[in-house]
Amino acid sequence: SKRQRMKRLLVVLMIVTLLVSALSPVVTSAKPITPRVLEAVFIHYEQPAKGGPPAPAEPKVYDYYLALGPKWDLSKYSTGVPYVINPKGAPAGAAAEVKAGFEAWDAASSAELFKDNPTTDTNSWWGKLDGKNNVSWQIIAGYPNAIAATWIWIEDKDNNGIFSAGDEVLETDIVFNQGNIKWSIDLDGEGTAYKIKTYDVRNIATHEVGHVVGLDDFYETKYSEITMYGYSSKGETKKISLEIGDKNGTIALYGN
């Protein structure tokens, strides 16, 4: 009957819609800076306190990633994308820990992602499109409880108003919150001999550089061992080494 044919057509349309949604790339909303330049901000927070009865344990997933869409055009950077570190307000040795965070991602791909020798500049600031990829310690206005944040500016090559594949990363800034957040360096890396009670510079830096590479956050606890898991906690150091998903995301963007 006509009604049955309509019902079958509706079911088919629903299935097609679900498949398209599952296959669609992840996109990030952004605000326009110019008609072709978009800005997005990624805020990193502390792991929320758990309330109520404990949730049932579920197997951890290590091979997951979310690509933002845009990536660097490495043909413009023969020795890797340059960046500037402003260590003012950071603990001693922080610049080396930030560099280690960048190099962790560099090692995940055959491409030379980042310049091996970053510039140090105590007058380099964050949060504006100024031709420099800045890393600094500042108070993050508007986000007093954030651990850190990453700004990304891209050229919206398809002019669709969102971050999507084919767009080009133009510039990034990473800022470690100097307001309510205390920073230290775990001298033992991911070992157990030395345990800090504040936020570890390299742990957070490695996560933030993942955004610079072109990867997004995710928040389901089954992904909590992956560097791009969107929450961190005091004393955490496991993000300094990349998991399979982090590496696979880098390879998907820049090649093995």
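Because the structure is predicted, anything quoted here is derived from the model rather than measured. Residue positions within a chain follow its written sequence, with the count starting from 1. For a predicted model such as this one, the threshold for reporting local features is a pLDDT of at least 70, and the threshold for listing and counting side-chain atom pairs is 80 or more; totals across whole chains, interfaces and linings nevertheless cover every residue. Derived side-chain values reflect all non-hydrogen atoms in the structure, with water molecules and hydrogen atoms excluded from consideration.

Is there a simple way to explain the overall build of the protein chain in this structure?
The secondary structure listing takes helices from DSSP runs of H or I that are at least 4 residues long and strands from runs of E that are at least 2 residues long, numbered from the N terminus. For the protein chain, the helix and strand inventory stands at four helices and twelve strands. We call a residue buried when its accessible area falls under 20% of the maximum for its residue type, exposed when it is over 50%, and partly exposed in between, using a 1.4 Å probe and counting protein chains only. Split into buried and exposed, the 256 residues of the protein chain put 43% on the buried side. The Shrake-Rupley method, run with a 1.4 Å probe sphere, supplies the accessible areas, and residue values consider only the shown protein chains as cover. Accessible surface computed for the protein chain: about 13200 Å², of which carbon and sulfur atoms make up 56%.

Just checking my understanding: could you explain the layout of surface pockets for this structure?
In this approach a probe as big as a water molecule rolls over the atoms, and the regions it shows empty are the leftover space. In this model, the largest pocket occupies a volume close to 380 Å³. Using a grid of 1 Å spacing that covers the protein atoms alone, one calls a set of points a cavity when a 1.4 Å probe fits there but cannot get out, and a pocket when the set is open and has protein on both sides within 12 Å along at least five of seven lines; lining residues are those with an atom within 4 Å of a point. As for the largest pocket, its lining consists of 19 residues, of which Q47, K50, A55, K60 and T221 are closest to the centre. Any residue that is not Ala, Val, Leu, Ile, Met, Phe, Trp, Tyr, Cys, Pro, Asp, Glu, Lys or Arg is counted as polar, Gly included; the first ten are nonpolar and the last four charged. Per-class residue counts for the lining of the largest pocket are six nonpolar, seven polar and six charged. Grid points are joined across faces, edges and corners, and a volume is the space filled by probe spheres set on the points.

Would you mind going over helix 2 (residues 94-106) with me for this structure?
One turn of the α-helix equals 3.6 residues, which is why residues spaced by three or four share an orientation. By this rule the span expected of a helix is its residue count minus one, scaled by 1.5 Å. For helix 2, spanning 13 residues, the distance from its first C-alpha to its last is 19 Å, which sits close to the expected 18 Å at 1.5 Å a residue. Residues A94, E97, V98, G101, F102, A104, W105 and D106 constitute the buried set of helix 2. Contacts are residue-level and defined by heavy atoms, with any inter-residue pair within 4.5 Å sufficient. For helix 2, the secondary structure elements touched by its buried residues are strand 4 (84-86), strand 6 (134-138), strand 9 (168-177), helix 3 (201-213) and helix 4 (244-254).

Explain the side chain of E168 here, please?
Mapped onto the elements, E168 comes out in strand 9. By relative accessible area, which is 4% here, E168 ends up buried. Once residues within four sequence positions are removed from consideration, E168 is found in contact with P70, K71, D73, K76, W153, I154, E155 and K157.

Looking at this structure, I do not really get the pattern of salt bridges. What am I missing?
It is possible for side chains bearing opposite charge to pair when their charged atoms get close. Just to be clear on terms, a salt bridge is a Lys or Arg side-chain nitrogen sitting within 4 Å of an Asp or Glu carboxyl oxygen. Scanning all chains against the criterion turns up seven salt bridges. Of the charged contacts in the structure, one is a salt bridge between E168 and K76, with a shortest N-O distance of 2.8 Å. One end of the pair, E168, is in strand 9; the other, K76, is in the loop between strand 3 (37-46) and strand 4, with 92 residues separating them in the sequence. The residue E225 makes a salt bridge to K238 at a minimum N-O spacing of 3.1 Å. Of this pair, E225 sits in the loop between helix 3 and strand 12 (231-232) while K238 sits in the loop between strand 12 and helix 4, placing them 13 residues apart in sequence.

How should I be thinking about the packing of helix 2 against helix 3 in this particular structure?
The description of two packed helices rests on the angle between their axes and on the distance between the axes. Between helix 2 and helix 3, the shortest axis-to-axis distance is 8 Å and the interhelical angle comes to 45 degrees. Of the possible angle classes, the one that applies to helix 2 and helix 3 is oblique. Here helix 2 and helix 3 pass one another in a crossing that is right-handed. Contacts between helix 2 and helix 3 involve A94, E97, V98, A100, G101, F102, A104 and W105 on the former and, on the latter, V201, R202, A205, T206, V209, G210 and V213. Note on geometry: axes are C-alpha line fits, over the in-contact stretch for helices, and angles between N-to-C directions span 0 to 180 degrees. Should an angle fall under 35 degrees it is taken as roughly parallel, and over 145 as roughly antiparallel, whereas 65 to 115 is taken as roughly perpendicular and any remaining angle as oblique. Here is the rule for handedness: rotate from the far helix to the near one, and if that takes an anticlockwise turn smaller than a right angle the crossing is left-handed, while a clockwise turn gives right-handed.

Would you take a moment to explain the packing of aromatic side chains for this structure?
Aromatic rings considered in pairs are described by the distance between their centres and by the relative angle of their planes. Ring pairs shown here join Phe, Tyr and Trp side chains whose ring centres sit within 6.5 Å, with only the six-membered ring taken for Trp; geometry is labelled stacked below 30 degrees between planes, edge-to-face above 60, and tilted in between. Tallied over the entire structure, the rule returns 13 aromatic pairs. On the numbers, 6.5 Å between centres and 90 degrees between planes, the contact of Y83 with F114 is edge-to-face. You can see Y83 sitting in the loop between strand 3 and strand 4 and its partner F114 sitting in the loop between helix 2 and strand 5 (119-120), a full 31 residues away along the chain. Note on Y83: relative accessible area 3%, which makes it buried. Linked through ring pairs, W137, F176, W183 and Y199 together constitute an aromatic cluster. The lysine or arginine in question, K71, covers the ring of Y254, its NZ or CZ lying 5.9 Å from the ring centre. Only lysine NZ and arginine CZ atoms are considered, and such an atom sits over a ring when it is within 6 Å of the ring centre and within 35 degrees of the ring normal.

Honestly, empty space enclosed by the protein in this entry has me stumped. Any pointers?
Scanning the entire structure with this criterion turns up one cavity of 30 Å³ or more. Taken as a whole, the largest cavity spans an internal volume of roughly 50 Å³. As for the largest cavity, its lining consists of W72, V81, P82, Y83, F102, F114, N133, N134, V135, T172, I174 and V212. Counting only elements with at least two residues in the lining of the largest cavity, the list comes to strand 6 and strand 9.

Would you take a moment to explain the pairing of strand 9 for this structure?
Regular strands place side chains that alternate from one sheet face to the opposite one. The buried count for strand 9 comes to nine of ten residues, which makes it a mostly enclosed element. Direction of pairing for strand 6 relative to strand 9: parallel, over a ladder of five bridges. Each residue of the ladder has a partner; that of V135, found in strand 9, is I174. Strand direction decides the pairing type here: strand 7 (residues 148-155) and strand 9, joined by eight bridges, are antiparallel. Considered in strand 9, the bridge of T150 is made with I174. Think of it this way: DSSP has to see at least two bridges between two strands before they count as a pair.

Looking at this structure, how should I read the pairing of strand 7?
Across the eight residues that make up strand 7, a large majority, seven, are buried. In this sheet, strand 7 lies alongside strand 3 in antiparallel orientation, the contact comprising eight bridges. Residue V37 lies in a different strand from strand 7, and its bridge partner there is E155.

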